[in-house]
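Architecture at a glance
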Amino acid sequence: MLAAIVLATLLTVAMLGVLKSMTHGRKVLLADVKSEPWHTRLIDQLEWDLKNSRTIKPIPGGFELTGYAGRDFSDGRPLHRATTIQYVAMMTEQPPLLLRHEIHGDSLNLDNRATEVVCINVGRLVLLPADEMRSFDPDNASDLQNGVENGPLPNRVTAFLVCNGDATPLLQKTFYLR
(Lines give C-alpha, C1' and ligand atoms only; values in the text may rest on other atoms or scores of the structure.)
Protein backbone atom coordinates (compact mmCIF):
# COMPACT_ATOMS: atom_id res chain seq x y z
CA MET A 1 0.00 0.00 0.00
CA LEU A 2 2.80 2.41 0.94
CA ALA A 3 4.61 1.63 -2.32
CA ALA A 4 1.49 2.51 -4.32
CA ILE A 5 1.17 5.89 -2.57
CA VAL A 6 4.84 6.72 -3.19
CA LEU A 7 4.54 5.69 -6.85
CA ALA A 8 1.39 7.78 -7.32
CA THR A 9 3.12 10.79 -5.72
CA LEU A 10 6.16 10.42 -7.99
CA LEU A 11 3.98 10.18 -11.08
CA THR A 12 2.01 13.29 -10.03
CA VAL A 13 5.22 15.27 -9.48
CA ALA A 14 6.55 14.15 -12.87
CA MET A 15 3.29 15.14 -14.56
CA LEU A 16 3.39 18.59 -12.94
CA GLY A 17 6.98 19.04 -14.16
CA VAL A 18 5.95 18.20 -17.72
CA LEU A 19 3.00 20.60 -17.58
CA LYS A 20 5.22 23.38 -16.21
CA SER A 21 7.79 22.95 -19.02
CA MET A 22 5.01 22.94 -21.65
CA THR A 23 3.53 26.14 -20.19
CA HIS A 24 6.95 27.82 -20.16
CA GLY A 25 7.59 26.81 -23.79
CA ARG A 26 4.21 28.21 -24.81
CA LYS A 27 4.93 31.52 -23.06
CA VAL A 28 8.27 31.80 -24.87
CA LEU A 29 6.63 31.13 -28.24
CA LEU A 30 3.85 33.65 -27.60
CA ALA A 31 6.30 36.31 -26.44
CA ASP A 32 8.26 35.90 -29.68
CA VAL A 33 5.09 36.20 -31.80
CA LYS A 34 4.03 39.39 -29.99
CA SER A 35 7.24 41.25 -30.89
CA GLU A 36 6.86 44.02 -33.40
CA PRO A 37 7.87 43.18 -37.01
CA TRP A 38 10.25 46.14 -37.12
CA HIS A 39 12.15 44.70 -34.10
CA THR A 40 13.29 41.73 -36.17
CA ARG A 41 14.26 43.89 -39.13
CA LEU A 42 16.19 46.34 -36.92
CA ILE A 43 18.00 43.53 -35.09
CA ASP A 44 18.97 41.83 -38.38
CA GLN A 45 20.16 45.10 -39.95
CA LEU A 46 22.08 46.21 -36.86
CA GLU A 47 23.69 42.79 -36.50
CA TRP A 48 24.83 42.89 -40.16
CA ASP A 49 26.18 46.42 -39.73
CA LEU A 50 28.04 45.62 -36.50
CA LYS A 51 29.53 42.31 -37.68
CA ASN A 52 30.80 43.85 -40.91
CA SER A 53 32.19 47.03 -39.39
CA ARG A 54 35.60 47.54 -37.86
CA THR A 55 35.39 50.85 -36.00
CA ILE A 56 32.82 52.98 -34.23
CA LYS A 57 32.71 56.70 -33.59
CA PRO A 58 30.13 58.52 -31.45
CA ILE A 59 28.51 61.39 -33.35
CA PRO A 60 25.82 63.87 -32.24
CA GLY A 61 22.54 61.99 -31.93
CA GLY A 62 24.00 58.52 -32.56
CA PHE A 63 27.06 56.68 -33.80
CA GLU A 64 29.00 55.98 -36.98
CA LEU A 65 30.34 52.59 -38.07
CA THR A 66 33.08 52.14 -40.67
CA GLY A 67 33.93 48.88 -42.36
CA TYR A 68 32.48 46.71 -45.10
CA ALA A 69 28.75 46.53 -44.25
CA GLY A 70 27.61 48.14 -47.50
CA ARG A 71 24.91 46.61 -49.65
CA ASP A 72 23.85 47.33 -53.19
CA PHE A 73 20.97 49.82 -53.03
CA SER A 74 18.95 48.11 -55.77
CA ASP A 75 19.07 44.42 -54.80
CA GLY A 76 20.62 44.32 -51.30
CA ARG A 77 23.63 42.17 -52.21
CA PRO A 78 26.73 42.67 -50.02
CA LEU A 79 29.33 44.90 -51.70
CA HIS A 80 32.37 44.15 -49.48
CA ARG A 81 33.60 47.70 -50.10
CA ALA A 82 34.50 50.50 -47.74
CA THR A 83 31.26 51.83 -46.24
CA THR A 84 30.21 54.22 -43.51
CA ILE A 85 26.96 53.52 -41.64
CA GLN A 86 25.38 56.14 -39.38
CA TYR A 87 22.49 55.65 -36.96
CA VAL A 88 21.16 59.07 -35.96
CA ALA A 89 18.11 60.16 -33.99
CA MET A 90 16.47 63.16 -35.65
CA MET A 91 14.28 65.33 -33.47
CA THR A 92 11.50 66.47 -35.78
CA GLU A 93 8.29 68.30 -34.98
CA GLN A 94 6.31 65.07 -34.54
CA PRO A 95 7.42 62.28 -34.07
CA PRO A 96 11.20 61.85 -33.64
CA LEU A 97 12.85 59.47 -36.13
CA LEU A 98 15.78 57.05 -36.05
CA LEU A 99 17.58 57.23 -39.40
CA ARG A 100 20.19 54.95 -40.95
CA HIS A 101 22.59 56.51 -43.47
CA GLU A 102 24.72 54.27 -45.68
CA ILE A 103 27.60 55.91 -47.56
CA HIS A 104 29.81 54.03 -50.03
CA GLY A 105 33.03 56.00 -49.73
CA ASP A 106 34.96 54.59 -52.68
CA SER A 107 32.08 54.76 -55.16
CA LEU A 108 32.77 56.99 -58.15
CA ASN A 109 29.14 57.61 -59.10
CA LEU A 110 26.73 60.09 -57.55
CA ASP A 111 24.45 57.35 -56.22
CA ASN A 112 26.69 56.47 -53.29
CA ARG A 113 24.42 57.42 -50.38
CA ALA A 114 21.09 56.15 -49.02
CA THR A 115 18.99 57.12 -46.01
CA GLU A 116 16.17 55.10 -44.53
CA VAL A 117 13.83 55.56 -41.58
CA VAL A 118 14.53 52.74 -39.14
CA CYS A 119 11.74 53.52 -36.68
CA ILE A 120 9.49 56.30 -35.48
CA ASN A 121 9.08 57.88 -32.02
CA VAL A 122 12.55 56.86 -30.85
CA GLY A 123 14.79 59.11 -28.81
CA ARG A 124 18.07 57.27 -29.27
CA LEU A 125 19.85 54.04 -30.15
CA VAL A 126 22.60 53.51 -27.57
CA LEU A 127 25.43 50.97 -27.74
CA LEU A 128 27.19 49.89 -24.55
CA PRO A 129 30.09 47.44 -24.31
CA ALA A 130 28.60 44.18 -23.02
CA ASP A 131 31.86 43.30 -21.24
CA GLU A 132 31.28 46.26 -18.92
CA MET A 133 27.56 45.57 -18.68
CA ARG A 134 25.77 47.58 -16.07
CA SER A 135 22.17 48.56 -15.63
CA PHE A 136 20.99 51.06 -18.23
CA ASP A 137 19.33 54.20 -16.94
CA PRO A 138 17.90 56.43 -19.71
CA ASP A 139 17.33 59.22 -17.18
CA ASN A 140 21.07 59.35 -16.51
CA ALA A 141 22.69 61.77 -18.96
CA SER A 142 25.90 59.73 -19.17
CA ASP A 143 23.95 56.63 -20.24
CA LEU A 144 22.39 58.59 -23.11
CA GLN A 145 25.88 59.19 -24.47
CA ASN A 146 27.13 56.20 -26.41
CA GLY A 147 29.15 54.04 -24.04
CA VAL A 148 31.23 52.59 -26.85
CA GLU A 149 34.41 54.59 -27.26
CA ASN A 150 35.82 55.96 -30.50
CA GLY A 151 37.91 53.16 -32.00
CA PRO A 152 37.64 49.45 -32.73
CA LEU A 153 34.36 47.69 -31.97
CA PRO A 154 34.38 45.56 -28.82
CA ASN A 155 33.72 41.80 -29.00
CA ARG A 156 30.22 42.20 -27.55
CA VAL A 157 27.89 45.21 -27.48
CA THR A 158 24.40 45.68 -26.11
CA ALA A 159 22.03 47.94 -28.03
CA PHE A 160 19.28 49.88 -26.25
CA LEU A 161 16.51 51.54 -28.25
CA VAL A 162 15.09 54.29 -26.07
CA CYS A 163 11.77 56.04 -26.61
CA ASN A 164 11.49 59.76 -25.96
CA GLY A 165 10.46 60.44 -22.38
CA ASP A 166 10.19 56.78 -21.40
CA ALA A 167 12.49 55.09 -18.89
CA THR A 168 12.03 51.59 -20.32
CA PRO A 169 14.01 50.62 -23.45
CA LEU A 170 11.81 49.57 -26.38
CA LEU A 171 14.42 47.03 -27.39
CA GLN A 172 17.50 45.56 -25.74
CA LYS A 173 19.76 43.10 -27.57
CA THR A 174 23.32 41.88 -27.03
CA PHE A 175 25.36 41.22 -30.17
CA TYR A 176 28.35 38.84 -30.18
CA LEU A 177 30.63 40.21 -32.88
CA ARG A 178 33.85 38.24 -32.70
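What comes next concerns the included structure. In this numbering scheme, every chain counts its residues from 1 along its sequence in written order. The predicted nature of this model means local features are confined to residues of pLDDT at least 70 and side-chain atom pairs, given and counted, to a pLDDT of 80 or more, with totals for whole chains, interfaces and linings taken over all residues. As a convention, hydrogens and water are excluded, and side-chain values are obtained from all of the structure's heavy atoms.

Scanning the chain from N- to C-terminus turns up three helices and nine strands. Secondary structure elements are taken from DSSP: a helix is a run of H or I of four residues or more, a strand is a run of E of two residues or more, and numbering for both begins at the N terminus. When the helices and strands of the chain are listed from N to C terminus, the series reads α-α-β-β-β-β-β-β-α-β-β-β. Going through the 178 residues of the chain one by one, you find that 35% of them count as buried. Residues count as neighbours in contact if any of their non-hydrogen atoms are within 4.5 Å of one another. Across the chain, the fraction of contacts at a sequence separation of at least 24, relative to all contacts at a separation of at least 6, is 49%. Accessible surface area values rest on a Shrake-Rupley calculation with a 1.4 Å probe, where residue burial reflects the displayed protein chains alone. Split by element, the accessible area of the chain, about 11,100 Å² in all, is 58% carbon and sulfur. Residue exposure (1.4 Å probe, protein chains only): buried if accessible area is under 20% of the type maximum, exposed if over 50%, otherwise partly exposed.

What follows concerns the pattern of salt bridges. Oppositely charged side chains can pair when the atoms bearing their charge come close. By salt bridge we mean one thing: a side-chain nitrogen of Lys or Arg within 4 Å of a carboxyl oxygen of Asp or Glu. Applying the stated criterion across every chain yields a total of seven salt bridges. Where Arg100 meets Asp49, a salt bridge forms, and the shortest distance between an N and an O atom there is 2.9 Å. Of the two residues, Arg100 is situated in strand 4 (residues 97-104) and Asp49 in helix 2 (residues 37-51); the sequence distance between them amounts to 51 residues. Across the pair, Asp49 and Arg100 agree in class, each one buried. In this structure, Arg77 engages Asp75 in a salt bridge whose closest nitrogen and oxygen atoms are separated by 2.7 Å.

Bringing the sheet that holds strand 3 (residues 83-90) into the picture now. At least two DSSP bridges between two strands are needed for those strands to be called paired. Judged by pairing direction, the sheet is antiparallel, and its six strands sit side by side in the order 5-4-3-2-1-7 without closing on themselves. Across the chains shown, the open sheet's two edge strands, defined by having one partner strand only, are strand 5 (113-120) and strand 7 (151-152). Inspection of the sheet shows strand 4 paired to strand 5 by seven bridges, in the antiparallel sense. What sits directly across from Leu97, in strand 5, is Ile120. Fitted lines through C-alpha atoms give the axes, limited to the stretch in contact for helices. The angle between two N-to-C directions lies from 0 to 180 degrees. Sheet contacts for helix 2: strand 1 (53-59), strand 2 (62-67), strand 3, strand 4 and strand 5; angle to strand 3, the most-contacted strand, approximately 140°.

Moving on, we come to the nonpolar core. Here, nonpolar core means buried Ala, Val, Leu, Ile, Met, Phe, Trp, Tyr and Cys residues that are tied together by side-chain atoms lying within 4.5 Å of each other. Counting residues in hydrophobic clusters, the biggest one holds 24 residues, and the most contacted among them are Leu46, Leu50, Phe63, Tyr87, Leu125, Leu161 and Phe175. Sorting elements by how many residues they give to this core places helix 2 first, with five residues.

What a helix should span is 1.5 Å times the count of its residues minus one. With 15 residues, helix 2 should cover 21 Å at 1.5 Å per step; its first-to-last C-alpha distance of 22 Å lies within 8% of that length. Of all the positions in helix 2, only His39, Leu42, Ile43, Gln45, Leu46, Trp48, Asp49 and Leu50 are classed as buried.

Read across the open sheet, the three strands follow the order 6-8-9; overall the sheet is antiparallel. Bordering the open sheet on either side are strand 6 (124-129) and strand 9 (169-176), each of which pairs with just one other strand. Between one strand axis and the next, the sheet turns through 20° on average, direction left out of account. Examined bridge by bridge, strand 8 (residues 156-162) and strand 9 share seven bridges and lie antiparallel to one another. Counted as the bridge partner of Val162 is Pro169 from strand 9. Contacting strand 6, strand 8 and strand 9, helix 2 crosses the sheet at an angle of about 35° to strand 9.

So, on to the pairing of strand 2. Burial analysis of strand 2 places five of its six residues in the buried class, the great majority of the element. In textbook terms, the turn of a hairpin is the stretch between consecutive antiparallel strands, and for strand 1 and strand 2 this stretch comprises two residues, one of which, Gly61, has a positive phi near 85°. With six bridges joining them, strand 2 and strand 3 adopt antiparallel strand pairing. In the strand pairing of strand 3, Thr66 is matched with Thr84.

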